[in-house]
Structures are given as structure tokens and as C-alpha cells.
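# Geometric and topological summary
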Amino acid sequence: QVQLVESGGGLVQPGGSLGLSCKASGNMKFIQAMGWYRQAAGKEREFVAAVNNGGQRNYADPVKGRFTVSRDNAKNTLYLQMNNLKPEDTAVYYCLAHGSSFGSDYWGQGTQVTVSS
């Protein structure tokens, strides 16, 4: 079992910055990648950014150049640095740990990010 706890969400003005953290615990030996998804009110959950165990990073087009995903394996923590935030970034942000065993996905509880003036 893997447990993920997210933190760092809040209210920020357009153009501002915010950093999210995802602390992982449990058996991580089968985890191959970690990433972030988000879900805006009334919309489906969508991919934001991810990094695999080889350090390869991928970003959704709307956040390229503005968001940076990173992973500290010693701390078992995933980060998302969000810069130049836009109102359309408003969503609940979820941390994901993707396991190789049976394609298991583990999700955090989500943290609310609101971008508004």
C-alpha cells in the first residue's frame, strides 16, 4: 500500500506562484512514476505533469513553461512549482503514484488551488 498526502494549495492572484508537495509513504518499490493531475469544478480530471524513475519529465501543453515537477527520492516527496498562474489553473490538484504491479495507481486526497483576483 502507498499513501500520498498533498499540501501547499491555497488562494493566489493571477500571475502569482505556488508550490505543491506530495509526501509518499508505504511500499514504494513497485512505483515507476509519480505525477500531478487536476480537476476543475464540473470537468474531468486531467494530466498536469509527471516524472518517472529515470528522471524523465512530461507536461501537459497548458502548463509547459510555467510549471515544474520534481521528485526528492530521499524525502519520498513529489513537488509541483507553479509560476505565472492563470484563473484556468483553478482546480483540485491530485498527486499520483503509478505502480508497475498490475498497473496500480495510488492517489492523494487532493489540494485546492484557486487563482483569482
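A brief structural summary. Nothing here was measured: the structure is a model prediction, and the numbers come from that model.

## Considerations on the pattern of salt bridges
Inspection of the entire model under this criterion finds four salt bridges. Residues K64 and D61 are paired through a salt bridge, measuring 3.0 Å at the closest nitrogen-oxygen approach. The shortest N-O distance in the salt bridge between R66 and D89 comes to 2.7 Å. Of this pair, R66 sits in the loop between strand 6 (57-59) and strand 7 (67-72) while D89 is found in the loop between strand 8 (77-82) and strand 9 (91-99), placing the two residues 23 residues apart along the sequence. Note on accessibility: R66 and D89 belong to one class, buried.

## Some details on the sheet that holds strand 3 (residues 18-26)
Across the sheet, which stays open at both edges, the four strands sit in the order 1-3-8-7 with antiparallel pairing between neighbours. Single-partner strands in this sheet number two, and they are strand 1 (2-7) and strand 7. Adjacent strand axes in the sheet meet at a mean angle of 15° when their direction is disregarded. In this structure, strand 7 lies alongside strand 8, joined through six bridges in antiparallel fashion. Considered in strand 8, the bridge of D72 is made with T77.

## Digging into the packing of aromatic side chains
As enumerated under the stated definition, the model contains three aromatic pairs in all. Taking the centre distance of 5.2 Å and the plane angle of 75° together, the rings of Y37 and W107 count as edge-to-face. Of this pair, Y37 sits in strand 4 (residues 31-39) while W107 is found in strand 10 (residues 105-107), placing the two residues 70 residues apart along the sequence. Here the aromatic rings of Y94 and W107 are separated by 6.5 Å at their centres, their planes lie at 85°, and the arrangement is edge-to-face. With Y94 in strand 9 and W107 in strand 10, this residue pair connects regions lying 13 residues apart in the sequence. By way of ring pairs, the aromatic residues Y37, F47, Y94 and W107 are connected into one cluster. Positioned above the aromatic ring of Y94 is the side chain of R45, whose terminal nitrogen or guanidinium carbon lies 3.7 Å from the ring centre. Over the face of the ring belonging to W107 we find R45, whose NZ or CZ atom lies 4.6 Å from the ring centre.

Cut-offs used in this document
- Residues numbered from 1 in each chain as written.
- Predicted model: local features only at pLDDT ≥ 70, side-chain atom pairs only at ≥ 80, totals over all residues.
- Heavy atoms only, no water.
- Salt bridge = Lys/Arg side-chain N within 4 Å of Asp/Glu carboxyl O.
- Helix = DSSP H or I, 4+ residues; strand = E, 2+ residues; numbered from the N terminus.
- Buried < 20%, exposed > 50% of the residue type's maximum accessible area, 1.4 Å probe, protein only.
- Pairing = 2+ DSSP bridges.
- Axes fitted to C-alpha atoms, helices over the stretch in contact; angles between N-to-C directions.
- Phe/Tyr/Trp six-rings, centres within 6.5 Å; stacked < 30°, edge-to-face > 60°.
- Lys NZ or Arg CZ within 6 Å of the ring centre and 35° of its normal.

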